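Residue-level structure breakdown
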Amino acid sequence: KASDQCLKEQSCSTKYRTLRQCVAGKESNFSRATGLEAKDECKSAMEALKQKSLYNCRCKRGMKKEKNCLRIYWSMYQSLQGNDLLEDSPYEPVNSRLSDIFRLAPIVSVEPVLSKGNNCLDAAKACNLNDTCKRFRSAYITPCTSSTSNEICNKRKCHKALRLFFDKVPPKHSYGMLFCSCRDVACTERRRQTIVPVCSYEDREKPNCLNLQESCKKNYICRSRLADFFTNCQPESRSVSSCLKENYADCLLAYSGLIGTVMTPNYIDSNSLSVAPWCDCNNSGNDRDECMKFLNFFQDNTCLKNAIQAFGNGTDVNVWQPILPVQTTTATTTTASRFKNTGSETTNNEIPTHNDSPACANLQVRESCTYCRAQGCDETLANGCSDFFDTSIRLFMTQHWFCI
């Protein structure tokens, strides 16, 4: 819509066409060949377009003309962003919550520790009972398992069908198979096999991760899904959830969006929640550190691991809000009465305040507790936490509050 509106205005249309020539020229060393004059013209075009609606436009994942929308987006932003791990997501924010999915998903248990069955098998059965899930699952199983004369399968058709599955099937069903909680190898292996990895994931040789990333950036869909993953699964060690955005649902949506691209990730093995694309950092030369940084964003991403674990457990990021302090006759009112947890009392990721050894819900909270005990958690620290909402120092709250 923004592009159509711009093309109707002569001044906007001229600058937009200039910018698109600049982007095309950048890929063919256009700017190096034509000198500073061309660079100034490109810069002028970008500055002018910053005042137009085209500058703030976004796309919807899975929309009818998604690829065309993303082409317009990257023509605007390609010359602005340098660090691949900091590229902004071209998609409109969803801001959903795992708790919203659980309310719609009767197959997800809020107390998975009581389940002795195979949750991944149960999720597959639930998918077969849902017309939409069954139809799109069958649509990717066929091309992902049908061999050709020279290949195991048609990977291109397999990828396209997988993208449709995760774009069209409600998360309560698609996530149920991809992020199900497991107690044994039979379950974790079924989870790993969800995307038919022999076709969609594995290949004869593993490419270098930086080369795979370059290949991904040449495709509008893949580049956009990767940028969305970097945006929504950005780890933050000082946050409650270990996610910068404190939103597990957005991270899982971004992760599932990569499936069906050349950057398709999967579980590395049946013994952990570590995931990775089909690549490694061999033959990286001087770029090995950069390559490992990219690969570790998948393999050692605490935000993603906590999000997967939370979905399997039927829990979500705890939301804290202030309440009025309890009036007492003593002079030392404890700050524990100033806050309450708005999450469900039945979930198993709450942090009890009456126990010396709280059952921390994730790795970050556990680390915070260790740090807190080491510091003593004295009355001064408690009083400092009580001022959290007045001063908006969220990080202070994250590091110290849970253990007081």
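Shown above is the structure to which this text applies.
Residues numbered from 1 in each chain as written. Predicted model: local features only at pLDDT ≥ 70, side-chain atom pairs only at ≥ 80, totals over all residues. Heavy atoms only, no water.

A few points about the overall build of the protein chain
- On a plain count of helices and strands, the protein chain comes out with 21 helices and four strands.
- Across the 404 residues of the protein chain, 45% fall into the buried class.
- When contacts within the protein chain are restricted to residue pairs at least 6 apart in sequence, long-range pairs at least 24 apart make up 68% of them.
- Accessible surface for the protein chain amounts to roughly 21,500 Å². Of this, 49% is attributable to carbon and sulfur atoms. (Helix = DSSP H or I, 4+ residues; strand = E, 2+ residues; numbered from the N terminus. Buried < 20%, exposed > 50% of the residue type's maximum accessible area, 1.4 Å probe, protein only. Contact = heavy atoms within 4.5 Å. Areas by Shrake-Rupley, 256 points an atom, 1.4 Å probe, with all protein chains shown as cover.)

Some words on the packing of aromatic side chains
- Considering all chains together, one arrives at 15 aromatic pairs under this definition.
- Their ring planes at 55° and their centres at 5.9 Å tell us that F179 and Y255 sit as a pair that is tilted. Here the residue F179 occupies a position in the loop between α10 (171-178) and α11 (185-192), and Y255 occupies one in helix α15 (residues 248-258), the gap between them amounting to 76 residues. Across this residue pair, the class does not change: F179 and Y255 are buried.
- Relative to F311, the ring of F179 lies with its centre 6.3 Å away and its plane at 70°, an arrangement referred to as edge-to-face. Placement of F179 in the loop between α10 and α11 and of F311 in helix α17 (residues 302-313) is noted, with a sequence separation of 132 residues between them.
- Site record: aromatic cluster; members linked through ring pairs are Y175, F179, F229, F230, Y255, F294, F297, F298 and F311.
- Positioned above the aromatic ring of Y267, the side-chain terminus of R191 is 4.7 Å from the ring centre.
- When the ring centre of W74 is taken as origin, the NZ or CZ atom of R223, which lies over that ring, is 4.0 Å away. (Phe/Tyr/Trp six-rings, centres within 6.5 Å; stacked < 30°, edge-to-face > 60°. Lys NZ or Arg CZ within 6 Å of the ring centre and 35° of its normal.)

Some words on the state of the cysteines
- Applying the stated criterion to the full structure yields 13 disulfides.
- Across the disulfide, C59 is cross-linked to C69 (sulfur-sulfur distance 2.1 Å). Judged by the sign of its S-S torsion, about -95°, the bond between C59 and C69 is left-handed. Residue C59 is found in the loop between α4 (36-49) and α5 (66-77), and its partner C69 is found in helix α5; the two are separated by 10 residues along the sequence. In this pair, the class of C59 matches that of C69, namely buried.
- Disulfide partner of C233: C251, at an S-S distance of 2.1 Å. (Disulfide = S-S within 2.5 Å.)

What about the packing of α15 against α17?
- Between α15 and α17, the shortest axis-to-axis distance is 9 Å and the interhelical angle comes to 105°. Between α15 and α17, the interaxial angle falls into the category roughly perpendicular. Where α15 abuts α17, its residues Y248, C251, L252 and Y255 lie against C303, L304, N306, A307, I308, A310 and F311.
- Of the residues belonging to the contact of α15 with α17, the class tally is 10 nonpolar, one polar and no charged. (Axes fitted to C-alpha atoms, helices over the stretch in contact; angles between N-to-C directions. Parallel < 35°, antiparallel > 145°, perpendicular 65-115°, else oblique. Nonpolar A, V, L, I, M, F, W, Y, C, P; charged D, E, K, R; others polar.)

Considering the pattern of salt bridges
- Throughout the structure, instances matching the rule amount to nine salt bridges.
- In this structure, K50 engages E47 in a salt bridge whose closest nitrogen and oxygen atoms are separated by 3.3 Å.
- For E47, a relative accessible area of 38% translates into the label partly exposed.
- A salt bridge links E189 to R192, with the nearest nitrogen and oxygen atoms 3.0 Å apart. Placement of the pair is E189 and R192 together in helix α11, with a separation of three residues, close to one helical turn.
- The exposure class of E189 is partly exposed, given its relative accessible area of 25%.
- Take R192: its relative accessible area is 15%, and that puts it in the buried class.
- Through salt bridges that share partners, R61, E66, D167 and R225 make up one connected network. (Salt bridge = Lys/Arg side-chain N within 4 Å of Asp/Glu carboxyl O.)

Points about helix α9 (residues 155-168)
- For α9, which comprises 14 residues, the first-to-last C-alpha distance of 20 Å matches the rise-based estimate of 20 Å (1.5 Å per residue) to within 8%.
- By the burial criterion, the buried members of α9 are C158, H159, A161, L162, F165 and F166. Relative to the axis of α9, the buried residues are bounded by an arc of 165° and lie together on one face.
- Contacts from the buried residues of α9 go to α8 (131-145), α10, α12 (197-200) and α15. (Expected span 1.5 Å × (residues − 1). Arc of directions from axis to C-beta.)

Some remarks on unusual backbone geometry
- Positive phi outside glycine occurs at V196, with the angle close to 50°.
- Relative to the helices and strands, V196 is located in the loop between α11 and α12.
- Given a relative accessible area of 11%, V196 falls into the buried group.
- Positive phi outside glycine occurs at E246, with the angle close to 55°.
- Here E246 is to be found in the loop between α14 (220-232) and α15.
- The buried category is assigned to E246, whose relative accessible area is 12%.

Regarding helix α16 (residues 288-299)
- Spanning 12 residues, α16 covers 16 Å between terminal C-alpha atoms, matching the ideal 16 Å at 1.5 Å per step.
- Buried within α16 we find C291, F294, L295, F297 and F298. Down the axis, α16 shows its buried residues gathered within 145° of arc, on one side only. Away from its buried face by more than 90 degrees, α16 exposes D289 and K293.

As for the side chain of T261
- The topology assignment puts T261 in the loop between α15 and β1 (265-267).
- Side-chain polar atoms of T261 contact the backbone oxygen of L258, separated by 2.7 Å.
- Sequence-distant contacts of T261, defined by excluding residues within four places in its chain, comprise H159, R163, I221 and C222. (Polar contact = N/O pair within 3.5 Å; in protein donor to acceptor, adjacent residues only side chain to side chain.)

Function cannot be read off these values alone, since they describe shape.
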